[in-house]
Amino acid sequence: MGTLRILVLLLLAILQCFSSVKGEAREYVKYKDPKQPLHTRINDLLERMTLAEKIGQMAQIERVSATPDVIKNYFIGSVLSGGGSVPGPQASAATWCSMVSEMQRAALSTRLGIPILFGIDAVHGHNNVYGATIFPHNVGLGATRDPELVRKIGAATALEVRATGIPYVFAPTVAVCRDPRWGRCYESYSEDTQVVEEMTSLIDGLQGTLPANSQKGVPFVAGGKNVAACAKHYVGDGGTNKGINENNTIVDFHGLLSIHMPPYYHAIIRGVSTIMVSYSSWNGEKMHANQFLITNFLKNKLRFRGFVISDWEGIDRITSPPHSDYSYSIMASITAGIDMVMIPYNYTEFINGLTHHVQTYDIPTSRIDDAVRRILRVKFMMGLFENPYPDLSLVDHLGSQEHRELAREAVRKSLVLLKNGKVKEGPVLPLPKKTESILVAGSHAHNLGYQCGGWTVTWQGISGNDNITGTTIFEAIETTVDPSTNIVFSENPDASFLEQNNFSYAIVVVGEPPYAETYGDNLNLTVPEPGLDLIRNVCATVKCVVIMISGRPLVVEPVIDKIDAFVAAWLPGSEGQGVADVLFGDYGFTGKLPRTWFKSVEQLPMNFGDAHYDPLFPLGFGISTSPVNA
């Protein structure tokens, strides 16, 4: 009996050991092994997923809705911070990282442990975040004609975004704005398709440069200091009728391909990870429901292998009024080829609706699998499974001095000198640093919020200097001129004030208040009051330089003859010192108009090459000057 008992115990031990080894073998899963080929990992994970887990991956929700329970229970694939949506007032980089980590822990605790992809609008630097470097908006970068500078800005932006623990940005906008009445025209690099194509170099900065001989169309992110990019808004958003936001782009297929589509070819060739669909329509058909352009053309013809994402509540707006038939909107958008939906709040309605459509065979499982495969491809490719959490060693890159110097350079190169001296008079610029007395005037001279424009701190932008770290144009002038020069700041001086003071010259800084999207649509494009009256008053009394802070050309023909020197500064961002660098001759003017400066709005739309082309200043115009010490 003793011998038999020993044999039984020995057999049990062997079986237990075998079971343990078998268990260890079971624990090995291919999708968690970074040594496995990308397609093997994707297929392995996709085969393990339930319908609920797949649909969860297709849902992007706003961070205020993204509690740990919501992320776990609905298998949420992506979270975003909308414009102005922050974890707290003036939140630090570490606070942002903590928020992202909490969400990521919830995602990783699910059965399959698929990490969330957190996204944010970083459209001119990390513009949602307090203390970030705010670069010039795209219209100003278009004026630089410098793709390498734009690439560097992309790399700096990626580093600041990663400093807050975020791996995905909704940038760049590659719209070709054909009508400055559009409220998003400042998000477009140019009316010239070729300029926009060149500025897709931002993608190389954000994601890292695609290695030579890489397969075209496959998404690429180089590493932990880069982010996934998003080319937007596909396609024709810059060509809507009368520049009305989210409206109808009326153009034949040839026009669409020749004007609005080329930047997407370039973005795909650069390995862009995602593409966002436009709210607008093409010849009456909503882009969010356009299967021909999303699936047949973008995915099949151009062989884009990243994922296609909707805009904010974009599928809701397929119907009029929005959300009036959400079940139809779900079916139309997913069938059209949208892979991830920026819901962003009513996630249960979306998830339940899409689940119903699949269960009733309205939407085939193959379409769901295509969407999830694309989303997983981006997540695997960017290393999110291996490194899902923020890298706290990067927090000090937010708003770094190196990035501010880069932004200052961008400001210098974005300035376009449109007039320099009246007829039969010598040049006014560069200005002397040492003189008796200077007047600085205008609503935009000492206002960082106005200087940065929309999509800064909040969606619509802000006024004032409290919540943006930077240098106003007035502060920059103060630090640039000779200490003996008297500087007087008066936002709106009256005639008597001007007559009582003997100013050597005046610098008048006026323009548009901040706006974004539809709030910026403007059929008049006049300089907001008291802008033109201020120009008339000041320039009638003293030699004046007018600096226009705007997202687009405005009507200035009525006063252009009264102005001694006129500078288009666009929306320069946080580093106003770049303006003073050029005004006073430390650097020369080099910027060229990224878009036509019209005489009157009655001419619009008017773009270079049009039969009725008769601008105040043509596309590409810009007076060059040399540094005074050259």
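Residues numbered from 1 in each chain as written. Predicted model: local features only at pLDDT ≥ 70, side-chain atom pairs only at ≥ 80, totals over all residues. Heavy atoms only, no water.

1. What about the side chain of Thr 249?
Among the structural elements, Thr 249 can be located in strand 6 (residues 248-249). A relative accessible area of 2% means that Thr 249 is categorised as buried. At 3.4 Å, the side chain of Thr 249 forms a polar contact with the backbone nitrogen of Thr 240. With residues near it in sequence (within four places) discarded, Thr 249 still touches Gly 236, Gly 239, Thr 240, His 260, Ser 281, Trp 282 and Asn 283. (Helix = DSSP H or I, 4+ residues; strand = E, 2+ residues; numbered from the N terminus. Buried < 20%, exposed > 50% of the residue type's maximum accessible area, 1.4 Å probe, protein only. Polar contact = N/O pair within 3.5 Å; in protein donor to acceptor, adjacent residues only side chain to side chain. Contact = heavy atoms within 4.5 Å.)

2. Observations regarding the packing of aromatic side chains
Applying the stated criterion across every chain yields a total of 18 aromatic pairs. A ring pair is formed by Tyr 168 and Phe 170, whose centres lie 5.1 Å apart and whose planes are at 75°; its orientation type is edge-to-face. In this structure, Tyr 168 and Phe 170 share a single accessibility class: buried. Measuring from ring centre to ring centre gives 5.0 Å for Phe 474 and Phe 489, while their planes differ by 35°; the resulting arrangement is tilted. In this pair, Phe 474 is assigned in helix 18 (residues 473-480) and Phe 489 in strand 14 (residues 486-490), connecting sequence segments 15 residues apart. According to the relative accessible area criterion, Phe 474 is buried, its value standing at 10%. Among the aromatic residues, those joined into a ring-pair cluster are Phe 253, Trp 282, Phe 292 and Phe 297. (Phe/Tyr/Trp six-rings, centres within 6.5 Å; stacked < 30°, edge-to-face > 60°.)

3. Considering the state of the cysteines
One pass over the structure, following the stated rule, counts two disulfides. The partner cysteine of Cys 177 in its disulfide is Cys 185, sulfur to sulfur 2.1 Å. A torsion of -105° about the S-S bond marks the disulfide between Cys 177 and Cys 185 as left-handed. Cys 185 carries the same exposure label as Cys 177, and that label is buried. Covalently, Cys 539 is tied to Cys 544 through a disulfide, its sulfur atoms 2.0 Å apart. With the S-S dihedral at roughly 105°, the linkage between Cys 539 and Cys 544 falls on the right-handed side. Residue Cys 544 is classed as buried on the basis of its relative accessible area of 0%. (Disulfide = S-S within 2.5 Å.)

4. Thoughts on the confidence of the model for the protein
Of the residues in the protein, 96% reach a pLDDT of 70 or more, and the chain-wide mean stands at 96. Across residues 18-25 the pLDDT falls below 50, and counting only partners more than four positions away or on other chains, this stretch makes zero contacts in the model. (pLDDT = per-residue confidence, 0-100.)

5. Examining helix 18
All of the buried residues in helix 18 are Ile 473, Phe 474, Ala 476, Ile 477 and Thr 480. Buried residues along helix 18 cover an arc of 160° about the axis, so they all sit on one side. Elements that come into contact with the buried residues of helix 18 comprise strand 13 (437-441), helix 17 (448-452), strand 14, strand 15 (505-511), strand 16 (544-549) and helix 21 (577-583). (Arc of directions from axis to C-beta.)

6. Here's the deal with helix 14 (residues 347-359)
Note: α-helices contain 3.6 residues per turn, so residues at a spacing of three or four share the same orientation. Along its 13 residues, helix 14 runs 18 Å from first to last C-alpha, staying within 8% of the 18 Å computed at 1.5 Å per residue. Residues of helix 14 that are buried: Tyr 347, Phe 350, Ile 351, Gly 353, Leu 354, Thr 355, His 357 and Val 358. The inward-facing, buried residues of helix 14 abut helix 3 (51-57), strand 1 (59-62), helix 4 (68-74), helix 13 (326-336), strand 11 (341-342) and helix 15 (365-381). (Expected span 1.5 Å × (residues − 1).)

7. A few points about unusual backbone geometry
The phi angle of most residues is negative, glycine excepted, and most peptide bonds adopt the trans form. The omega torsion across Lys 232 and His 233 is 0°, close enough to zero to call that bond cis. Within the secondary structure, His 233 is located in strand 5 (residues 230-234). A cis geometry characterises the amide bond from Ser 320 onward to Pro 321, with omega recorded as 0°. Assignment of secondary structure puts Pro 321 in the loop between strand 10 (307-309) and helix 13. One non-glycine residue, Asn 213, adopts positive backbone phi at about 70°. For Asn 213, the location among the structural elements is in the loop between helix 9 (201-207) and strand 5. Look at Asn 213 and you get exposed, because its relative accessible area is 81%. With a phi close to 60°, Lys 242 is a non-glycine residue in the positive phi region. You can see Lys 242 is positioned in the loop between strand 5 and strand 6. Relative accessible area serves as the criterion here: at 47%, Lys 242 is assigned to the partly exposed category.

8. Some thoughts on the environment of Ser 463
Along the chain, Ser 463 falls in the loop between helix 17 and helix 18. Along the backbone, Ser 463 and Pro 388 are 75 residues apart, and their C-alpha atoms lie at a distance of 36 Å. When near neighbours in sequence (up to four residues on either side) are disregarded, Ser 463 contacts Asn 447, Gly 449 and Tyr 450. Separated by 3.0 Å, the side chains of Ser 463 and Asn 447 make a polar contact.

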